[in-house]
Amino acid sequence: MSVATGEPWASLLGALHTVITVCDSVVIVYFLAINTSYLVLILIALGEFVRTLRRAPFAGHDEAATSPLTPPVSVIMPAHNEAAGIAEAVRAMLLLRYPEFEVVVVDDGSIDGTLDALREAFDLAEVEYVVPDDIPVRGGVTSVHLPRGGPVRLVVARKDNGGKADALNVGINLARYPLVCMVDADSILDSEALLAVAKPFCDDPQRVVASGGVVGLANGCTVVAGRVVEARVPPDLLGRVQVVEYLRAFLLGRTGWSKLGSLLIIAGAFGLFRKDAVVAVGGMDPDCIGEDAELVIRLHKHMREQGRDYRIVFVAEPISWSEAPSKLKVLAHQRRRWHRGLTEILLKHRRMIGNPRYGRIGLLALPFYVVFELLAPLVELAGLVLVPLGVLMGAVNADFLWRFLVVAYIYAVVVGMVSVAVEEYAFHRFTRWRDVWGGLVGVVAENIGYRQLTAWWRLRGMWDGLRKSPQVWGAMTRAGFESPGQVREKGGDRV
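Treat the numbers as computed from the prediction; the structure is a model and nothing was measured. (Residues numbered from 1 in each chain as written. Predicted model: local features only at pLDDT ≥ 70, side-chain atom pairs only at ≥ 80, totals over all residues. Heavy atoms only, no water.)

Structural notes on the overall build of the chain
The criterion, for reference: Elements are defined by DSSP. Helices are runs of H or I of four residues or more, strands are runs of E of two residues or more, and each kind is numbered from the N terminus. We call a residue buried when its accessible area falls under 20% of the maximum for its residue type, exposed when it is over 50%, and partly exposed in between, using a 1.4 Å probe and counting protein chains only. Here the accessible surface of atoms and residues is derived via Shrake-Rupley with a 1.4 Å probe, and residues count as covered only by protein chains that are part of the display.
Secondary structure assignment for the chain yields 14 helices and 12 strands. Looking at the chain as a whole, 52% of its 495 residues are labelled buried. With an accessible surface of roughly 22400 Å², the chain has 61% of that area assigned to carbon and sulfur atoms.

Structural notes on the environment of valine 413
Our working definition: Contacts between residues were defined by any pair of non-hydrogen atoms, one from each residue, lying within 4.5 Å.
Assignment of secondary structure puts valine 413 in helix 13 (residues 398-427). Judged by its relative accessible area of 10%, valine 413 is buried. Taking the C-alpha atoms as reference points, valine 413 and glutamate 446, 33 residues apart in sequence, are found 8.5 Å from one another. Once you skip the residues sitting within four places of it in the chain, valine 413 turns out to touch Val443, Val444 and Asn447.

Some words on the packing of aromatic side chains
Quick reminder of the rule: The criterion for an aromatic pair is that two Phe, Tyr or Trp rings (for Trp, the six-membered ring) have centres within 6.5 Å, with stacked assigned to planes under 30 degrees apart, edge-to-face to planes over 60 apart and tilted to the rest. Placement of a charge over a ring requires the Lys NZ or Arg CZ to be within 6 Å of the ring centre, with the centre-to-atom vector within 35 degrees of the ring normal.
Enumeration according to the criterion identifies 6 aromatic pairs in this entry. Aromatic pair tyrosine 98 and phenylalanine 101: ring centres 6.5 Å apart, planes at 80°, arrangement edge-to-face. A single burial state applies to tyrosine 98 and to phenylalanine 101, both of which are buried. Consider the rings of tryptophan 257 and tyrosine 369, whose centres lie 6.3 Å apart with planes at 40°: the pair is tilted. Note that tryptophan 257 is positioned in helix 7 (residues 237-259) and tyrosine 369 in helix 11 (residues 359-374), a separation of 112 residues in sequence. For the residue pair tryptophan 257 and tyrosine 369, the accessibility class agrees, reading buried in each case. Aromatic ring contacts, followed pair by pair, group Tyr30, Trp257, Phe368, Tyr369 and Phe372 into a single cluster. Taking the ring centre of phenylalanine 122 as reference, the NZ or CZ of arginine 91 above it sits at 5.7 Å. Looking at arginine 153, its charged tip hangs above the ring of phenylalanine 101, at a distance of 4.3 Å from the centre.

Side note on the nonpolar core
As a rule of thumb, nonpolar side chains are buried together in soluble globular proteins. Rules: The nonpolar core is taken to be a set of buried Ala, Val, Leu, Ile, Met, Phe, Trp, Tyr and Cys residues, with the residues joined through side-chain atoms within 4.5 Å.
Counting 75 residues, the largest nonpolar core has Met182, Leu264, Phe273, Leu295, Leu299 and Ile312 as its most contacted members. If sequence neighbours within four positions are ignored, isoleucine 312 has contacts with Val209, Ala210, Ser258, Leu263, Ile266, Val296, Leu299 and His300. One finds Met77, Ala79, Leu154 and Ala196 within the second-largest nonpolar core, a separate group that totals 40 residues.

A word on the pairing of strand 1 (residues 73-79)
As a reminder of what qualifies: The pairing criterion for strands is at least two bridges between them, as found by DSSP.
The element strand 1 is extensively covered by neighbouring structure, given that 7 of its 7 residues are classed as buried. Burial along strand 1 is two-sided: Val73, Val75, Met77 and Ala79 facing one way and Ser74, Ile76 and Pro78 facing the other are all buried. Note: strand 1 against strand 6 (residues 179-183), 4 bridges, orientation parallel. By the bridge assignment for strand 6, isoleucine 76 is matched with methionine 182. With 7 bridges joining them, strand 1 and strand 2 (residues 101-108) adopt parallel strand pairing. Paired with valine 75 across the strands is valine 103, a residue of strand 2.

Considering the pattern of salt bridges
What counts here: By definition here, a salt bridge exists when the distance from a side-chain nitrogen of Lys or Arg to a carboxyl oxygen of Asp or Glu is within 4 Å.
Tallied over the full model, the rule gives 26 salt bridges. For arginine 148, the salt bridge is made with aspartate 123, and the minimal N-O distance between the two is 3.0 Å. In this pair, arginine 148 sits in the loop between strand 4 (141-147) and strand 5 (154-159) while aspartate 123 sits in the loop between helix 4 (114-122) and strand 3 (124-127), placing the two residues 25 residues apart along the sequence. The exposure class assigned to aspartate 123 is partly exposed, which follows from its relative accessible area of 40%.

Quick notes on helix 11
Since there are 3.6 residues in each turn of an α-helix, residues three or four apart along the chain are aligned in direction. Going by this rule: We define the bend at each residue as the angle formed by axes fitted to the 7 residues ending at it and the 7 residues starting at it.
The sharpest bend along helix 11 measures roughly 25° and falls at alanine 365, with the proline proline 367 sitting one to four residues further on. Those residues of helix 11 that fall on the buried side of the exposure criterion are Gly359, Ile361, Gly362, Ala365, Leu366, Phe368, Tyr369, Phe372 and Leu374.

A word on a nonpolar patch on the surface
Keep this limit in mind: Candidates for patches are residues over 30% relative accessible area with no salt bridge; among them, like charges are joined within 9 Å and nonpolar side chains (Val, Leu, Ile, Met, Phe, Trp, Tyr) within 5 Å.
Residues Trp402, Val406, Ile410 and Val414 make up a contiguous nonpolar surface patch of roughly 360 Å² in combined accessible area. Summarising the element assignment, isoleucine 410 is placed in helix 13.

Let's talk about helix 9 (residues 291-306)
What counts, and what does not: A helix is expected to span 1.5 Å for every residue after the first.
With 16 residues, helix 9 extends 22 Å from end C-alpha to end C-alpha; this agrees with the ideal 22 Å at 1.5 Å per step. For helix 9, the set of buried residues is Glu291, Ala293, Glu294, Leu295, Val296, Ile297, Arg298, Leu299, His300 and Met303. A positive phi of about 70° marks glycine 307, the residue just after helix 9.

Quick word on the UniProt feature "transmembrane region" (unreviewed entry) in the chain
What counts is decided by this rule: UniProt positions are given in the numbering used here, feature names are shortened, and annotations may be inferred rather than shown by experiment.
The residues that UniProt annotates with the feature "transmembrane region" (unreviewed entry) are residues 27-46, 361-388 and 400-422. In this annotation, residues 27-46 is assigned 100% helix and 0% strand; the end-to-end C-alpha distance for the span is 29 Å. From the first C-alpha to the last, residues 361-388 spans 37 Å; its make-up is 96% helix and 0% strand.

Digging into the pairing of strand 2
Across the 8 residues that make up strand 2, a large majority, 8, are buried. Residue alternation in strand 2 divides its side chains into two sets, Phe101, Val103, Val105 and Asp107 and Glu102, Val104, Val106 and Asp108, and both sets are buried. When strand 2 meets strand 5, the two strands line up parallel, connected through 6 bridges. Opposite valine 106, over in strand 5, you have alanine 157 as the bridge partner.

Considerations on the environment of leucine 466
The topology assignment puts leucine 466 in helix 14 (residues 433-467). Here leucine 466 falls in the partly exposed class, since its relative accessible area comes to 48%. The spatial distance from the C-alpha of leucine 466 to the C-alpha of glutamate 344 is 7.6 Å, given a sequence separation of 122 residues. Those residues in contact with leucine 466 that lie beyond four places of it in its chain are Thr343 and Leu347.

Right under this line is the structure:
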């Protein structure tokens, strides 16, 4: 009796032992593979930075700023309930160094007096204006306003609320110029940001259809008149960890993908596109949370299917700044939203994944994002359960495991430190040693709890995307920036 009942249990335990052994091996190999892939992208980016630094003295920004051949740009700023800072943001945009551009502000049904703030700041007058319908929109335009003085290059449109993507589509319809730059209303741009991101269009006007720039974290930085005048690492640990994330993924990762001709993401906070290409693919998708990345993938798809020779590039210069979440609750909303957007995009364009028709996009970039971005939180959280279970069942040697964990942690820290070192070598943004040490503290802290938390938030975002739950953006609570009178005492400055 005991033998008869014991054999099935023994078989079941043996099978479970085998499954856990295999799963633990997969988790270990996965961890090594994802960090190695980051390291490879960082090294590719380093090579690109070396070339960029060599060309920097001959970048030609002064010539482009005065040349009549520099393509004009329409800067599109969607705004919803931005009354507190919209006037200052528009003033900063109007002071960008560029020969010919306009700023198109689209008020997406604000209820806090955003339009009133703009009307008072720029003496706006409502005008009769026929808005082109190049791209279909959901929220109709109720009014268009121009400055009474005339020479200010500003257009303000008021529309019914339809979401950020719909507001951008209205802005694209209103844009007069062949290049459209999409900018968040709360973004802070360097004075030469447009010149930097437009350079690829000047160098290769026939092939470049989109370009994006680096988005840096403005937390802790000193901001004067809408410009970052002193870059600093945030004083809080959460901000420091995010600095490391942004360096690895947004600066180095995207630079590497751009060099490989497989860039999939241009941040919605600052990106430049050829208007005719955007119109050809139908504009922004108002049903997708990650509308910025979805547009880039759709451009790749369209160009590949048309057999066009094209380029989508990344400008490896810190030219746009944004405030990162300083509270865990806000960060959770952001990461959950980002991963939901990634899930929706990959599901929408699943036919491109592994499809040789789309070249490196279908065979390299999209599979990478599926394996190392979409599934990463699932594998990481599964590892937290399966690896200890494997130790308890004897499927994993405990002595080997703790040695591996030490080596793996050191490997992840080395990858993060290389990210900080490469960024400092290329741009030398931080003038104080304490800022560099602050970044290194973020590197050490990232893998102790933070990655596990973000993995859980991202997993919830993936679940939201799979079950198509209602889209909830959540509020982005902003702490604001330092003014000159709030600058903390300097120390540890370096030459």
